[in-house]
Amino acid sequence: MSDTTIRTYTSGSEQEREREARESVRTCPECGGRLVTDEEHGETVCQDCGLVVEEDSVDRGPEWRAFDGEERDAKSRVGAPTTKMMHDKGLSTNIGWQDKDAYGKALSSRQRQQMQRLRTWNERFRTRDSKERNLKQALGEIDRMASALGLPETVRETASVIYRRALSEDLLPGRSIEGVATASLYAAARQAGTPRSLDEIASVSRVDKMELTRTYRYVVRELKLEIQPADPEQYVPRFASDLDLSDETERRARQLLKTAKEAGIHSGKSPVGLAAAAVYAASLLTNEKVTQSEVSDVANISEVTIRNRYKELLEAEELGLFA
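Treat the numbers as computed from the prediction; the structure is a model and nothing was measured.

### A look at the overall build of the protein chain
Then, number 1: When helices and strands are counted, the protein chain shows 13 helices and three strands.
Then, number 2: Considering only residue pairs separated by 6 or more positions, the protein chain has 60% of its internal contacts joining residues 24 or more positions apart.

This is the structure:
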């Protein structure tokens with residue numbers, strides 16, 4: 001018998017033993033019945049006689065539960081979750097700017113030059129065409145403005161989705177990247193119930209207020225976004241927090257605005273002006289010392305507007321009391 005024949009015979013015997021071992025695991029040693037795995041209790045049990053063949057088995061799955069794809073991506077620790085706030089959704093390689101190795105030691109001059117070349121080529125590969133460069137610039141603008149305005153991450157994500165839709169539907173020609181990015185952020189803030197006034201948005205944007213309003217109306221119309229009119233009550237918590245007012249004053253301001261809505265005097269009025277006037281009136285009614293100048297600085301509107309709306313709110317309150 002040749003060596004080749006011996007090796008073939010030996011390997012065949014090993015395969016047979018492995019197959020028998022697998023078969024013995026799948027069948028019950030007592031009755032030969034089929035074995036099933038009870039993942040909840042960590043046991044392997046015979047389906048026919050109930051014999052517990054194995055117990056305390058190791059659960060190699062995740063210790064968390066997820067009910068949809070988005071939640072699964074957010075909880076998974078295999079890698080960073082995808083995000084709409086980056087032009088490549090966070091799936092590409094990112095080379096850090098620190099010139100240090102894995103042990104924290106500084107790189108040599110030659111290695112630093114190599115790393116700089118790698119960063120340059122990596123940046124070129126990340127933005128391969130003009131559309132990706134456009135998206136990268138716009139999402140950077142959205143992130144910068146949202147940070148300056150203190151908007152939450154959900155608003156940034158929504159603004160990124162709106163801008164991506166505008167880009168895919170070819171709404172950019174003839175309009176600036178900054179203008180569409182600012183309009184997307186303004187629309188996202190209103191959709192999320194954390195609105196910012198046009199003056200506040202324009203103060204951190206690189207476009208003027210007129211271009212912002214024109215672009216915003218165009219984006220909302222073309223994308224058919226459903227955006228409800230801004231509610232003055234949505235501005236009250238932020239104004240009260242910036243002025244360091246009590247919860248009682250905030251509740252009183254909300255009550256004044258509800259009375260104004262019932263009287264119908266809010267129609268055609270700026271929601272920011274009504275909210276600022278309600279906060280000022282509520283501070284007086286609760287004996288908290290706040291000046292019109294302080295409210296004007298926080299709300300970014302004139303003191304004249306506060307005085308006019310303030311009188312209207314108090315008149316509506318008096319009419320509501322006597323009704």
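Right, picking up where we left off after that structure.
### A few points about unusual backbone geometry
Then, number 1: Here the phi dihedral of D170 falls at roughly 60°; this positive angle occurs in a residue that is not glycine.
Then, number 2: With respect to the secondary-structure elements, D170 resides in the loop between α5 (153-168) and α6 (177-191).
Then, number 3: The backbone of K224 shows a phi angle near 55°, a positive value even though the residue is not glycine.
Then, number 4: In this fold, K224 is placed in the loop between α8 (209-223) and α9 (236-242).

### Focus: the packing of helix α4 (residues 130-149) against α5
Then, number 1: Across the interface, α4 lies against α5 with an axial gap of 10 Å and an inter-helix angle of 150°. As judged from the angle between their axes, α4 and α5 are roughly antiparallel. The way α4 lies across α5 gives a crossing that is right-handed. Every residue of α5 that contacts α4 at K131, N134, L135, A138, L139, I142, D143, A146 and S147 is listed here: R156, A159, S160, Y163, R164, L167 and S168.
Then, number 2: Looking at side-chain class alone, the contact of α4 with α5 contains eight nonpolar, four polar and four charged residues.

### With respect to the packing of aromatic side chains
Then, number 1: On inspection of all chains with the given rule, the structure shows three aromatic pairs.
Then, number 2: With a centroid separation of 4.8 Å and an interplanar angle of 70°, the aromatic rings of Y186 and Y216 are classed as edge-to-face. Of this pair, Y186 sits in helix α6 while Y216 is found in helix α8, placing the two residues 30 residues apart along the sequence.
Then, number 3: Of the residues examined, Y186 reaches a relative accessible area of 8% and is grouped as buried.
Then, number 4: With a relative accessible area of 12%, Y216 lands in the buried category.
Then, number 5: Over the face of the ring belonging to Y218 we find R175, whose NZ or CZ atom lies 3.5 Å from the ring centre.

### Side note on the sheet that holds strand β1 (residues 35-38)
Then, number 1: On the basis of which strands lie adjacent, the open sheet formed by three strands has the order β1-β2-β3 and antiparallel pairing. Of all strands in the sheet, those with a lone pairing partner are β1 and β3 (52-54), marking the two edges. Averaged over neighbouring strand pairs, the angle between their axes works out to 35° when direction is ignored.

### Side note on the pattern of salt bridges
Then, number 1: According to the stated counting rule, one finds 14 salt bridges in the structure shown.
Then, number 2: Here E141 ties to R206 by a salt bridge, and the two come within 2.0 Å at their closest N and O atoms. Pair noted here: E141 is in helix α4 and R206 is in the loop between α7 (198-204) and α8, with a separation of 65 residues, a long-range link.
Then, number 3: Take E141: its relative accessible area is 7%, and that puts it in the buried class.
Then, number 4: Each of the salt bridges in this network shares a partner with another, and the network as a whole consists of D231, E233, E250, R254 and K261.

### Considering the pairing of β1
Then, number 1: Sheet topology places β1 next to strand β2 (residues 43-46); four bridges connect them, and they run antiparallel. Each residue of the ladder has a partner; that of V36, found in β2, is V45.

### Description of the confidence of the model for the protein chain
Then, number 1: In this model, the protein chain carries a mean pLDDT of 82, and residues with pLDDT of at least 70 account for 84%.
Then, number 2: For the protein chain, the element scoring lowest by mean pLDDT is helix α1 (residues 3-26), at 51; α6 scores highest, at 94.
Then, number 3: Every residue in residues 1-12 is under pLDDT 50, and counting partners more than four places away or in other chains gives one contact.

### So, α5
Then, number 1: For α5, spanning 16 residues, the distance from its first C-alpha to its last is 23 Å, which sits close to the expected 22 Å at 1.5 Å a residue.
Then, number 2: Taken together, the buried positions of α5 are V155, R156, A159, S160, I162, Y163, R164, A166 and L167.
Then, number 3: Residues of α5 that are buried in the fold lie against α4, α6 and α8.
Then, number 4: D170, located one to two residues past α5, shows a positive phi value of around 60°.

### Quick look at the side chain of R196
Then, number 1: By the element assignment, R196 lies in the loop between α6 and α7.
Then, number 2: Within the buried set, R196 has no salt-bridge partner at all; the shortest N-O distance to an opposite charge, 5.0 Å, is to E200.
Then, number 3: A polar contact of 3.3 Å, which involves the side chain of R196, links it to the backbone oxygen of L149.
Then, number 4: Only 3.4 Å separates the side chain of R196 from the backbone oxygen of T194, close enough to count as a polar contact.
Then, number 5: If we skip the residues at most four places from it in the chain, R196 touches L149, G150, L151, Y186, A189, I201, Y235 and R238.

### What to know about the nonpolar core
Then, number 1: In this structure, Y163, L185 and L225 are the most contacted members of the largest nonpolar core, which totals 36 residues.
Then, number 2: At the level of secondary structure, the elements contributing two or more residues to this core comprise α4, α5, α6, α7 and α8.
Then, number 3: With nine residues, α6 is the single largest residue contributor to this core.
Then, number 4: Discounting residues that sit within four places of it in the chain, L185 has contacts with I142, M145, A146, L149, L151, V155 and A159.

Calculation criteria
Every chain is numbered on its own, with residues counted from 1 as its sequence reads. Whole-chain, interface and lining totals are the exception, using all residues; otherwise, since this is a predicted model, local features are given only for residues with pLDDT of at least 70 and side-chain atom pairs are given and counted only at 80 or more. By convention in this description, side-chain values take in all heavy atoms of the structure and omit both hydrogens and water. What counts as a helix is a DSSP run of H or I of at least four residues, what counts as a strand is a run of E of at least two, and both are numbered from the N terminus. Only heavy atoms matter for contacts: two residues are in contact if any of them lie within 4.5 Å across the pair. For helices, the axis comes from a line fit to the C-alpha atoms of the stretch in contact; other axes are also lines fit to C-alpha atoms, and the angle between any two N-to-C directions lies between 0 and 180 degrees. Orientation categories follow fixed angle ranges, with anything under 35 degrees roughly parallel, anything over 145 roughly antiparallel, 65 to 115 roughly perpendicular, and all other angles oblique. Less than a right angle of anticlockwise turn of the near helix away from the far helix marks a crossing as left-handed, whereas a clockwise turn marks it as right-handed. Gly is put with the polar residues, along with every residue not named as nonpolar or charged; the nonpolar set is Ala, Val, Leu, Ile, Met, Phe, Trp, Tyr, Cys and Pro, and the charged set is Asp, Glu, Lys and Arg. Two rings from Phe, Tyr or Trp (for Trp, the six-membered ring) form a pair when their centres are within 6.5 Å of each other. A pair whose planes differ by under 30 degrees is stacked, one over 60 is edge-to-face, and the rest are tilted. The cut-offs for exposure are 20% and 50% of the maximum accessible area for each residue type, with area from a 1.4 Å probe on protein chains only; residues under the lower value are buried, those over the upper are exposed, and the others partly exposed. Over a ring means this: the NZ of a Lys or the CZ of an Arg is within 6 Å of the ring centre and within 35 degrees of the ring normal. We treat two strands as partners when DSSP finds at least two bridges between them. The rule for a salt bridge is simple: a side-chain nitrogen of Lys or Arg has to be within 4 Å of a carboxyl oxygen of Asp or Glu. Every residue gets a pLDDT, meaning the predictor's confidence in that residue, from 0 to 100. Residue count minus one, scaled by 1.5 Å, sets the expected span of a helix. Working convention for charge: Lys and Arg count positive, Asp and Glu count negative, and His plus the chain ends are omitted. Here a polar contact means two N or O atoms within 3.5 Å. Within protein one must be a hydrogen donor candidate and the other an acceptor candidate, and residues neighboring in sequence count only if both atoms are side-chain atoms. Joining through side-chain atoms within 4.5 Å is the link that ties buried Ala, Val, Leu, Ile, Met, Phe, Trp, Tyr and Cys residues into a set, and such a set is a nonpolar core.

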